[in-house]
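Per-entry structural report
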Amino acid sequence: MTRRASALRTLLATGAALVSLAAATAPAAQADPEPTAPKEFVALRSVDPTIIQEMRYTTAHNFVGERIDGYRQPLCILTLPAAKALRQAQRQLLRRGYSLKVYDCYRPQRAVDHFVEWAKDLDDEAMKKEFYPHVDKSRLFEDGYIAEKSGHSRGSTVDLTVVKLPARPTRPYVPGEPLVACHAPASERFPDNSVDMGTGYDCFDTLSHTEDPRIQGEQRANRHLLKSTLSGLGFVNLAEEWWHFTYKPELFPDTYFDFPVARRSVAGH
């Protein structure tokens, strides 16, 4: 080997060693930490553990048919004033032999994005027979069932119902099981331990409008029980959905959060 070749080989070896050393000593790439909730957010259970929670979007029993992005644990998270108002409502209902049951509370923006992407896929109609049997999926945006922003992401909106005590257990949904329309008689549609509101939760149908005149008798009385209890404590109902209420005034009326639904998001609050 010539002196020049030997020197070149030594130089290359030294360079390789320096690259290896730099790689070994370079700081590891840090993933961006996930956002957490502002201190004004709490887990509802920490304010009132008696309110029943059936967090639908952590399961496949919803209009998409799978767990929704951002829902890590079956947990209701709300702003503290909204949670305290629900505690007051619960106390009133408990004296009458009822309990509140929440289906959804704070909803991260990534979950809303999941809904939007699903709605754009017109071929995915796996849950149509239950949740939107009479609505053409191509009209979900136009008819207002799906939007790119949701009040839930601001932290003071909740989807809920009323359960007669003692609460009966509700069987879990089995993916792939036969589906029944959400507006079918309560004895036929998917079992829910709540009182009969005339439709199931998240039913994309005009029968879900709180004051739809076709809803009468016990079903109408049940809707009015929920609405009158919450309205007296600062909650405003969305007229198109008997289950949807927003506590006013909102702490974050213009902010759409994206921290995940998880205990770590409100740890220490």
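Please refer to the structure higher up on the page.
The paragraphs below set out a description of the structure included in this document. On a predicted model such as this, the values are computed, not experimentally measured, just so you know.

Time to look at helix H6 (residues 217-231). The end-to-end C-alpha distance of H6 is 21 Å, a good match for the 21 Å that 15 residues give at a rise of 1.5 Å each. At its buried positions, H6 is contacted by helix H3 (80-94), strand S4 (98-104), strand S5 (157-164), strand S6 (235-237) and strand S7 (244-247).

Let's shift gears to the layout of surface pockets. Of the pockets and cavities examined, the largest pocket occupies roughly 530 Å³. Contributing to the lining of the largest pocket are 32 residues, with Gly144, Tyr145, Ile146, Leu238 and Glu241 lying nearest its centre. Tallied by class, residues from the lining of the largest pocket come to 12 nonpolar, 10 polar and 10 charged. Taken as a whole, the second largest pocket holds about 230 Å³ of empty space. Together, 20 residues line the second largest pocket, and Arg189, Phe190, Asp192, Thr199 and Gly200 are the ones closest to its centre. Here the residues of the lining of the second largest pocket are counted per class, giving 10 nonpolar, 5 polar and 5 charged.

The next thing to look at is the packing of aromatic side chains. Taken as a whole and judged by the stated rule, the model has 21 aromatic pairs. For the ring pair tyrosine 132 and phenylalanine 204, a centre distance of 6.2 Å and an interplane angle of 35° mean the geometry is tilted. Of this pair, tyrosine 132 sits in the loop between helix H5 (128-131) and S5 while phenylalanine 204 is found in the loop between S5 and H6, placing the two residues 72 residues apart along the sequence. Every member of this aromatic cluster is reached through a ring pair, and the members are Tyr57, Phe63, Tyr71, Phe115, Trp118, Tyr132, Tyr145 and Phe204. The residue whose ring lies beneath lysine 164 is tyrosine 98, and the NZ or CZ to ring-centre distance is 4.6 Å.

Helix-helix packing is characterised by the crossing angle of the two axes and by the distance between the axes. Here H3 crosses H6 at 130°, and the two axes come no closer than 9 Å. Between H3 and H6, the crossing angle belongs to the class labelled oblique. Like other packed secondary-structure pairs, H3 and H6 cross with a definite hand, here right-handed. Of H6, the residues touching H3 (which contributes Leu86, Ala89, Gln92 and Leu93) are Leu225, Thr229 and Leu230.

Look at the link from leucine 165 to proline 166: it is a cis peptide, with omega at 0°. By the secondary structure assignment, proline 166 is in the loop between S5 and H6. The omega torsion of the bond from lysine 248 to proline 249 falls at -5°, within 30 degrees of zero and hence cis. Looking at the element boundaries, proline 249 is found in the segment after S7.

Our focus in this paragraph is a negative patch on the surface. Together, Glu66, Asp69, Asp113 and Glu148 make up a negatively charged patch on the protein surface. Relative to the helices and strands, aspartate 113 resides in helix H4 (residues 109-120). A relative accessible area of 37% places aspartate 113 in the partly exposed class.

By the criterion of burial, S5 is predominantly enclosed, with 7 of the 8 residues buried. Two strands pair when backbone bridges link them, and S4 and S5 are joined in this way by 6 bridges, in the antiparallel orientation. Residue lysine 101 lies in a different strand from S5, and its bridge partner there is threonine 161. Pairing analysis gives 3 bridges linking S5 to S7, with the strands arranged antiparallel. When the sheet's bridge partners are listed, valine 158 is paired in S7 with phenylalanine 245.

Right, let's talk about the nonpolar core for a bit. Counting residues in each nonpolar core, the largest one holds 64 residues, and the members touching the most others are Leu86 and Val102. Top contributing element to this core by residue count: H3, with 6 residues. Each residue touching leucine 86, except ones within four places of it in the same chain, is listed here: Leu44, Ile51, Leu78, Leu100, Val102, Val158, Leu160, Leu230 and Phe235.

By secondary structure assignment, the location of arginine 107 is in the loop between S4 and H4. Relative accessible area serves as the criterion here: at 8%, arginine 107 is assigned to the buried category. Residues arginine 107 and isoleucine 77, spaced 30 residues apart in sequence, show a C-alpha to C-alpha distance of 8.6 Å. The contact partners of arginine 107, leaving out residues within four places of it in the chain, are Tyr57, Tyr71, Val112, Phe115, Ser150, His152, Ser153, Asp159 and Phe257. At a separation of 2.8 Å, a polar atom in the side chain of arginine 107 contacts the side chain of aspartate 104. Within the local environment of arginine 107, its side chain forms a polar contact with the side chain of serine 150, the two groups lying 3.4 Å apart.

Cut-off values and rules
- Residues numbered from 1 in each chain as written.
- Predicted model: local features only at pLDDT ≥ 70, side-chain atom pairs only at ≥ 80, totals over all residues.
- Heavy atoms only, no water.
- Helix = DSSP H or I, 4+ residues; strand = E, 2+ residues; numbered from the N terminus.
- Expected span 1.5 Å × (residues − 1).
- Contact = heavy atoms within 4.5 Å.
- 1 Å grid on protein atoms, 1.4 Å probe; cavity = no way out; pocket = protein on both sides within 12 Å on 5 of 7 lines; lining within 4 Å.
- Points joined across faces, edges and corners; volume = space filled by probe spheres on them.
- Nonpolar A, V, L, I, M, F, W, Y, C, P; charged D, E, K, R; others polar.
- Phe/Tyr/Trp six-rings, centres within 6.5 Å; stacked < 30°, edge-to-face > 60°.
- Lys NZ or Arg CZ within 6 Å of the ring centre and 35° of its normal.
- Axes fitted to C-alpha atoms, helices over the stretch in contact; angles between N-to-C directions.
- Parallel < 35°, antiparallel > 145°, perpendicular 65-115°, else oblique.
- Left-handed = near helix turned anticlockwise from the far one by under 90°.
- Patch = residues over 30% accessible without salt bridge, like charges linked within 9 Å, V, L, I, M, F, W, Y side chains within 5 Å.
- Areas by Shrake-Rupley, 256 points an atom, 1.4 Å probe, with all protein chains shown as cover.
- Salt bridge = Lys/Arg side-chain N within 4 Å of Asp/Glu carboxyl O.
- Lys, Arg positive; Asp, Glu negative; His and termini not counted.
- Charge placed at Lys NZ, Arg CZ, Asp CG, Glu CD.
- Buried < 20%, exposed > 50% of the residue type's maximum accessible area, 1.4 Å probe, protein only.
- Pairing = 2+ DSSP bridges.
- Core = buried A, V, L, I, M, F, W, Y, C linked by side-chain atoms within 4.5 Å.
- Polar contact = N/O pair within 3.5 Å; in protein donor to acceptor, adjacent residues only side chain to side chain.

These values are about where atoms sit, not about what they do.
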